[in-house]
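The chain contents come next:
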Amino acid sequence: MAGGAMTDTDCAHKNYPGKMTIFVFLACLVASSGGLIFGYDIGISGGVTSMDSFLIKFFPSVYAKEKEMVETNQYCKFDSELLTLFTSSLYLAALIASLFASVITRKFGRRITMLGGGVIFLVGAILNGAAADVAMLIIGRILLGIGVGFSNQAVPLYLSEMAPARMRGMLNISFQLMITVGILAANLINYFTDKIAGGWGWRVSLGLAAVPAVIMAGGSLFLPDTPNSLLSRGKENEARAMLRRIRGTDDVGPEYDDLVAASEASKAIENPWRTLLERRYRPQLVMSVLIPTLQQLTGINVVMFYAPVLFKTIGFGGTASLMSAVITGLVNMFATFVSIATVDRLGRRKLLLQGGVQMIFAQFILGTLIAVKFGTAGVANISRGYAIVVVLCICVFVSAFAWSWGPLGWLVPSEIFPLEIRSAAQSVVVVFNMAFTFFIAQIFLMMLCHLKFGLFYFFGAMELTMTGFVFFFLPETKGIPIEEMDRIWGKHWYWRRFVAAGAGGKVEITSTV
């Protein structure tokens, strides 16, 4: 079975009755607003660090270096550890916060975790907008990071548990769609606030992070908890009533029985972290580590964090660089709709493989374009036409990510974990996502300075590796009920050696087969 692909016959599964209800749609729409705070921060960071007034106030040495003559090595103009600490401190905070969020999610439910994340993010946004020095700026960033860690831990789980199996991909990807909306909004805001006379536009950009925080926190007050979460906390009657409501039918017996069986297995687990390390959960553990890690090694955050800085580096003016970031933000958002429209029809594997190949070609072409003009010296003047070609190449890369590894990097992990390890495993996903986001953000400017155009070849090689990983080791998960997902591993050519032969390791907890 090449690449671990499986047919519907290979992995038969139940089709629970039910339909997409307005209630589920609205609940998922509100929950997915958690992606707004993550996306807004990704977009806002690179924009404000390209504003002269922001650099003069907080990073004057970077500003002085930026204003040197064009003959300065373009690769190394922005190499500042303090500047990258400002950007990447959020992701280190999110990493640590997600571990605590796992406990809250398991004991108190997904909704409370999202509410807490929104409130903490709001406080961080206020501090950043009012920042008087670098210390205040970084403290605000840390609070933003805690909010991101909480929301990224809870929102994908919430969406996967609320959605009907056949539409889980579309609804879960609404989280990634909101990330792209947040990025685009931030890029547009940066473009206009950069024009504010008096040099205080960066305060508006940073302070407006309060808007998505209020949307998330306010929305969480009205969200119901998922049937899975209610059951795990012993609220059987509420869980059955909620399942009937979100499926739009009273015929929820088979699905409810499977949820109860999963909940009973979950309650028998004293330490989900230790359980996650057991051999039978090896496939899920590997996916929870490698999928978020590889998602960051695409190099997407290099483009989205530092798009304005990157465009300045290759010769765009300040305003032009912010406008180019707006363009990539638009491409990112609209390409995500492609994934929403196709993920439950084509499946996860096809999108990941196609997107991976497209990103490989885009990275190698982009690296070559920059190598031809800047070489290793990092000194060049590029024409308008050449710059447009570079932007187009970046847009090809961004679009590929936006309909493959962007949304699916959150969707696939959130749908493959059994209930007893779900909150712990999702924290592992967030930890590795944020760890490598932090790592890449912290060293990107240094890597650009030392590897020069070779940095794009490096990310291209990573995309080649991850595409091979998907082909050989990731089974298809479309349309499979979330509480039956374990069975795919017993059918996979490699992972079946870790689980009970041909069964998927946890068949004993399901009420019917």
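The protein chain has the name Major facilitator superfamily (MFS) profile domain-containing protein in an unreviewed UniProt entry, where Oryza meridionalis is given as its organism. Entered under Subcellular location (unreviewed entry) in the UniProt record, the comment concerning the protein chain runs "Membrane". UniProt lists a comment for the protein chain under the heading Sequence similarities (unreviewed entry), and it reads "Belongs to the major facilitator superfamily. Sugar transporter (TC 2.A.1.1) family."

Caption draft 1: Seen up close, the overall build of the protein chain. In terms of regular secondary structure, the protein chain is built from 23 helices and zero strands. Every one of the 513 residues in the protein chain was classed for burial, and the buried ones make up 61%. When the accessible surface of the protein chain is totalled, it reaches about 18000 Å², and 68% of it is carbon and sulfur.

Caption draft 2: Helix H20 (residues 405-416), seen in detail. The end-to-end C-alpha distance of H20 is 16 Å, a good match for the 16 Å that 12 residues give at a rise of 1.5 Å each. In terms of burial, H20 is a largely internal element, 12 of the 12 residues being buried. Listed in full, the buried residues belonging to H20 are Trp 405, Gly 406, Pro 407, Leu 408, Gly 409, Trp 410, Leu 411, Val 412, Pro 413, Ser 414, Glu 415 and Ile 416.

Caption draft 3: Here's a closer look at the packing of aromatic side chains. For the structure shown, the criterion picks out 22 aromatic pairs. Their ring planes at 70° and their centres at 5.6 Å tell us that Phe 54 and Trp 202 sit as a pair that is edge-to-face. Pair noted here: Phe 54 is in helix H3 (residues 52-58) and Trp 202 is in helix H9 (residues 201-207), with a separation of 148 residues, a long-range link. With a centroid separation of 5.6 Å and 85° between ring planes, the pair formed by Phe 175 and Trp 410 is classed as edge-to-face. A residue pair is termed long-range when its members are at least 10 positions apart, and Phe 175 in helix H8 (residues 168-193) and Trp 410 in helix H20 qualify at 235 residues. The two residues Phe 175 and Trp 410 agree in class, both being buried. Clustering of aromatic rings is evident, with ring pairs tying together Phe 469, Phe 473, Trp 489, Trp 493, Tyr 494, Trp 495 and Phe 498. Above the face of the Tyr 191 ring, Lys 195 is positioned so that its terminal group lies 4.6 Å from the ring centre.

Caption draft 4: Just the nonpolar core, in detail. Core analysis: the largest hydrophobic core is formed by 115 residues, its most contacted members being Phe 54 and Trp 405. Not counting residues up to four positions away in its chain, the partners in contact with Phe 54 are Val 48, Thr 49, Phe 59, Phe 86, Leu 137, Trp 202 and Leu 206. By size, the runner-up hydrophobic cluster in this structure holds eight residues, among which are Ile 440, Phe 444, Leu 448 and Leu 455.

Caption draft 5: Representation of a nonpolar patch on the surface in the model. Taken together, the side chains of Leu 92, Ile 96, Leu 99, Phe 100 and Trp 273 present a nonpolar region at the surface, about 460 Å² in accessible area. Element by element, the count of residues in the nonpolar patch is highest for helix H5 (residues 81-108), at four residues. Within the secondary structure, Phe 100 sits in helix H5. Overall, Phe 100 belongs to the exposed group, its relative accessible area being 57%.

Caption draft 6: Spotlight on helix H22 (residues 454-473). The end-to-end C-alpha distance of H22, which contains 20 residues, comes to 29 Å, matching closely the 28 Å that a straight helix rising 1.5 Å per residue would cover. Listed as buried for H22 are Leu 455, Phe 456, Phe 459, Gly 460, Glu 463, Met 466, Thr 467, Phe 469 and Val 470.

Caption draft 7: View of the packing of helix H6 (residues 110-129) against helix H7 (residues 134-162). Between H6 and H7, the least distance of the axes is 7 Å, while the angle of their chain directions is 155°. Taken together, the axes of H6 and H7 lie roughly antiparallel to each other. Crossing hand, H6 versus H7: left-handed. Looking at the contact of H6 with H7 residue by residue, the classes come out as 18 nonpolar, seven polar and three charged.

Caption draft 8: Structural detail: the environment of Leu 208. Note on placement: Leu 208 falls in the loop between H9 and helix H10 (210-220). In this structure, the C-alpha to C-alpha distance between Leu 208 and Gly 129, residues 79 residues apart in sequence, is 7.8 Å. Residue contacts for Leu 208: discarding those within four places in its chain leaves Tyr 40 and Ile 189.

Caption draft 9: Main features of the environment of Phe 397. Its location among the elements puts Phe 397 in helix H19 (residues 384-402). It is 8.3 Å that separates the C-alpha atoms of Phe 397 and Ile 360, two residues lying 37 residues apart in sequence.

Caption draft 10: Quick look at the packing of helix H18 (residues 348-374) against H19. Running from amino to carboxyl end, H18 crosses H19 at an angle of 160°, the nearest separation of the two axes being 8 Å. Our classification of the angle between H18 and H19 gives roughly antiparallel. Remark: the crossing between H18 and H19 carries left-handed chirality. Taken together, the residues of H19 that come into contact with H18 (itself represented by Gly 355, Gln 358, Met 359, Ala 362, Gln 363, Ile 365, Leu 366, Leu 369, Val 372 and Lys 373) are Tyr 386, Val 389, Val 390, Cys 393, Ile 394, Val 396, Phe 397, Ser 399, Ala 400 and Phe 401. Looking at side-chain class alone, the contact of H18 with H19 contains 15 nonpolar, four polar and one charged residues.

Caption draft 11: Structural view of the confidence of the model for the protein chain. Residue-level pLDDT values for the protein chain average 83, and 85% of them are 70 or greater. Ranking the helices and strands of the protein chain by mean pLDDT puts H6 first, with 94, and helix H16 (residues 300-313) last, with 64. Note that residues 1-12 has pLDDT below 50 and, in this model, 31 contacts with residues that lie over four places away or in other chains. With pLDDT under 50 throughout, residues 501-513 is counted as low confidence; its partners more than four residues away or in other chains account for 30 contacts.

Caption draft 12: Representation of the pattern of salt bridges within the structure. Within the structure shown, the criterion is met by 10 salt bridges. Close ionic contact of Asp 225 with Arg 233 constitutes a salt bridge, the shortest N to O distance being 2.6 Å. In this structure, Glu 484 and Arg 487 form a salt bridge, with 3.5 Å as the shortest nitrogen-oxygen distance. Glu 484 sits in the buried class, given a relative accessible area of 2%. Each of Arg 168, Asp 344, Arg 348 and Glu 415 takes part in one network of salt bridges that share partners.

Caption draft 13: Geometry of the side chain of Gln 358. By the element assignment, Gln 358 lies in helix H18. Engagement of the side chain of Gln 358 in a polar contact is seen with the side chain of Gln 354, the distance being 2.9 Å. Beyond its immediate chain neighbours, meaning those up to four positions away, Gln 358 contacts Val 396, Ser 399, Ala 400 and Trp 403.

Caption draft 14: Expanded view of the side chain of Ser 33. As for its placement among the helices and strands, Ser 33 is situated in the loop between helix H1 (22-31) and helix H2 (34-48). When its relative accessible area of 4% is taken as the criterion, Ser 33 is described as buried. Setting aside residues up to four positions removed in sequence, Ser 33 forms contacts with Met 178, Ile 215 and Met 216.

Rules and cut-offs
Residues numbered from 1 in each chain as written. Predicted model: local features only at pLDDT ≥ 70, side-chain atom pairs only at ≥ 80, totals over all residues. Heavy atoms only, no water. UniProt positions renumbered as here; feature names shortened; annotations may be inferred. Helix = DSSP H or I, 4+ residues; strand = E, 2+ residues; numbered from the N terminus. Buried < 20%, exposed > 50% of the residue type's maximum accessible area, 1.4 Å probe, protein only. Areas by Shrake-Rupley, 256 points an atom, 1.4 Å probe, with all protein chains shown as cover. Expected span 1.5 Å × (residues − 1). Phe/Tyr/Trp six-rings, centres within 6.5 Å; stacked < 30°, edge-to-face > 60°. Lys NZ or Arg CZ within 6 Å of the ring centre and 35° of its normal. Core = buried A, V, L, I, M, F, W, Y, C linked by side-chain atoms within 4.5 Å. Contact = heavy atoms within 4.5 Å. Patch = residues over 30% accessible without salt bridge, like charges linked within 9 Å, V, L, I, M, F, W, Y side chains within 5 Å. Salt bridge = Lys/Arg side-chain N within 4 Å of Asp/Glu carboxyl O. Axes fitted to C-alpha atoms, helices over the stretch in contact; angles between N-to-C directions. Parallel < 35°, antiparallel > 145°, perpendicular 65-115°, else oblique. Left-handed = near helix turned anticlockwise from the far one by under 90°. Nonpolar A, V, L, I, M, F, W, Y, C, P; charged D, E, K, R; others polar. pLDDT = per-residue confidence, 0-100. Polar contact = N/O pair within 3.5 Å; in protein donor to acceptor, adjacent residues only side chain to side chain.

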